[in-house]
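Summary of structural features
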Amino acid sequence: MSEARNADVLERGLLIGEAGLPAGVLNVVTNDLADAGDVVAALIADPRVRVVNFTGSTNVGRIIGVQAAQHLKPAVLELGGKNPLIILEDADPDLAVDAAVFGAFMNSGQLCMSTDRIIIHQSLVEKFIPRYVERVRALPAGDPADPATIVGPLINTRGAQRISKLVKDAAAKGASLLTGDGTTEGPNGTLIRPVVLTDVTTDMDIYASEIFGPATVIHPVDSAEAAIDLANDTEYGLTGGVISRDLGAALDVVSRVRSGIIHINDQGIADEPMAPFGGVQNTGYGRFGGTAGIESFTEQRWVTIQHSGRPVYPF
């Protein structure tokens, strides 16, 4: 580790101590990114590690899953998402707008549960889109130290550049930018102001790629069947939402959308300690939370007791 990184770790340790945390309670170790593969391989191979847990990208999750399998260790993998918010024909437009704004831009869109896609019945487009775009355009963006800020900087410059590239690729191929343009600004180019796109087609990278930032795509459809087909047109399957006044219709959609989690009359960002959290398809396998989480990290055993021995053996 470099002297600069050592100094950084020491400084953080001193700050933790000044905050009143007793020595030895929290131990922080940082590793160079170039060593990540070797560090992960060593952790997985260690016989003291019996279950592997990873939250991150699908590409890295595949590597970790393979390594865990080589050592016959179960893994819990929570990976990428391309989460839809499905707005059915009878939906309350105001509820739909509220849910879509929060679902897409909470934490600047940097959540595995964020709403990447808004799939809306064509009959509601004229009521929904102007209100939604107006709300999104008005979201305060900028300094995360300002309590009024909703959309702050992204995690790093590389992440911001990836999202900017997705947005600009879509615009160059004919997508309509309803607000925002994907331009990076601010310190280290990490701020992107909220983006809403429509007219996105399958040849655009943003159609299938997880955005993981302050951008979302609106897909108008002409039926619930089309909405289900579009929601399922992804390699992922983490979470989502369905907005409808008709609970029967919503439940029918829920039953046919491939995802580990889905919410009726809400967007996809939700987590409770007792609820099973996880996805299907390339989002990974295994569950956190509640009894499902306990089962994921527990090995079952069968124990019997014969108080005086078996009365009869066959030979």
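These notes cover the structure that comes with them. (Residues numbered from 1 in each chain as written. Predicted model: local features only at pLDDT ≥ 70, side-chain atom pairs only at ≥ 80, totals over all residues. Heavy atoms only, no water.)

What the chain contains, in helices and strands, is ten helices and twelve strands. For the chain, the residues scored as buried account for 40% of the 315 residues in total. Long-range pairs, those at least 24 residues apart, make up 64% of the contacts in the chain between residues at least 6 apart in sequence. If you sum the accessible surface of the chain, you get close to 17,400 Å²; carbon and sulfur atoms cover 56% of it. (Helix = DSSP H or I, 4+ residues; strand = E, 2+ residues; numbered from the N terminus. Buried < 20%, exposed > 50% of the residue type's maximum accessible area, 1.4 Å probe, protein only. Contact = heavy atoms within 4.5 Å. Areas by Shrake-Rupley, 256 points an atom, 1.4 Å probe, with all protein chains shown as cover.)

On to the packing of helix 4 (residues 93–105) against helix 5 (residues 125–137), then. The contact between helix 4 and helix 5 brings their axes to 10 Å, and the two run at 40 degrees. In terms of orientation, helix 4 lies oblique with respect to helix 5. Crossing of helix 4 over helix 5 shows right-handed handedness. For the pair formed by helix 4 and helix 5, the contact residues are P93, D94, A96, V97, D98, A100, V101, A104 and F105 on the first element and K127, F128, R131, Y132, R135 and V136 on the second. Class assignment for the residues of the contact of helix 4 with helix 5 results in ten nonpolar, no polar and five charged. (Axes fitted to C-alpha atoms, helices over the stretch in contact; angles between N-to-C directions. Parallel < 35°, antiparallel > 145°, perpendicular 65-115°, else oblique. Left-handed = near helix turned anticlockwise from the far one by under 90°. Nonpolar A, V, L, I, M, F, W, Y, C, P; charged D, E, K, R; others polar.)

With that settled, consider unusual backbone geometry. Positive phi values are uncommon outside glycine, yet N107 reaches one of about 55 degrees. Here N107 lies in the loop between helix 4 and strand 4 (115–121). In this structure, N188 is a non-glycine residue whose phi angle is positive, near 60 degrees. As for its position among the elements, N188 is in the loop between strand 6 (184–185) and strand 7 (191–192). For N188, a relative accessible area of 63% corresponds to the exposed category.

This paragraph deals with the sheet that holds strand 11 (residues 263–264). The sheet built from seven strands is open, its strands ordered 5-8-9-4-3-10-11 with mixed pairing. Strand pairing shows two members of the sheet lacking a second neighbour, strand 5 (176–179) and strand 11, which therefore form its edges. Sheet topology note: the strand 8 (residues 195–198)/strand 9 (residues 215–221) ladder contains four bridges and is parallel. For V195, the partnering residue across the bridge sits in strand 9 and is A215. The sheet strands contacting helix 5 are strand 3 (83–87), strand 4, strand 5, strand 8 and strand 9, and the helix crosses strand 5 at an angle near 60 degrees. Relative to strand 4, helix 8 (residues 224–231) is tilted by about 165 degrees, and along the sheet it contacts strand 3, strand 4 and strand 9. (Pairing = 2+ DSSP bridges.)

On the surface, a nonpolar cluster with roughly 260 Å² of combined accessible area is contributed by L21, V25 and L26. Among the secondary structure elements, L21 is positioned in the loop between helix 1 (3–18) and helix 2 (36–45). (Patch = residues over 30% accessible without salt bridge, like charges linked within 9 Å, V, L, I, M, F, W, Y side chains within 5 Å. Salt bridge = Lys/Arg side-chain N within 4 Å of Asp/Glu carboxyl O.)

Next up on the list: helix 6 (residues 157–172). Across its 16 residues, helix 6 extends 22 Å between first and last C-alpha, which sits within 8% of the 22 Å expected from 1.5 Å per residue. The secondary structure elements touched by the buried residues of helix 6 are strand 5, strand 6, strand 7, strand 8, helix 7 (205–208) and strand 9. Positive phi appears at G174, one or two residues downstream of helix 6, with a value of about 110 degrees. (Expected span 1.5 Å × (residues − 1).)

In terms of nonpolar packing, the biggest core is built from 29 residues, with I86, I119, V167, L197, V200, I206 and V253 touching the most fellow members. Sorting the residues of this core by element identifies helix 6, strand 8, helix 7, strand 9, helix 8 and helix 9 (247–256) as the ones contributing at least two each. The element that contributes the greatest number of residues to this core is helix 6, accounting for five residues. By size, the runner-up hydrophobic cluster in this structure holds 24 residues, among which are A99, V133, V151 and I243. (Core = buried A, V, L, I, M, F, W, Y, C linked by side-chain atoms within 4.5 Å.)

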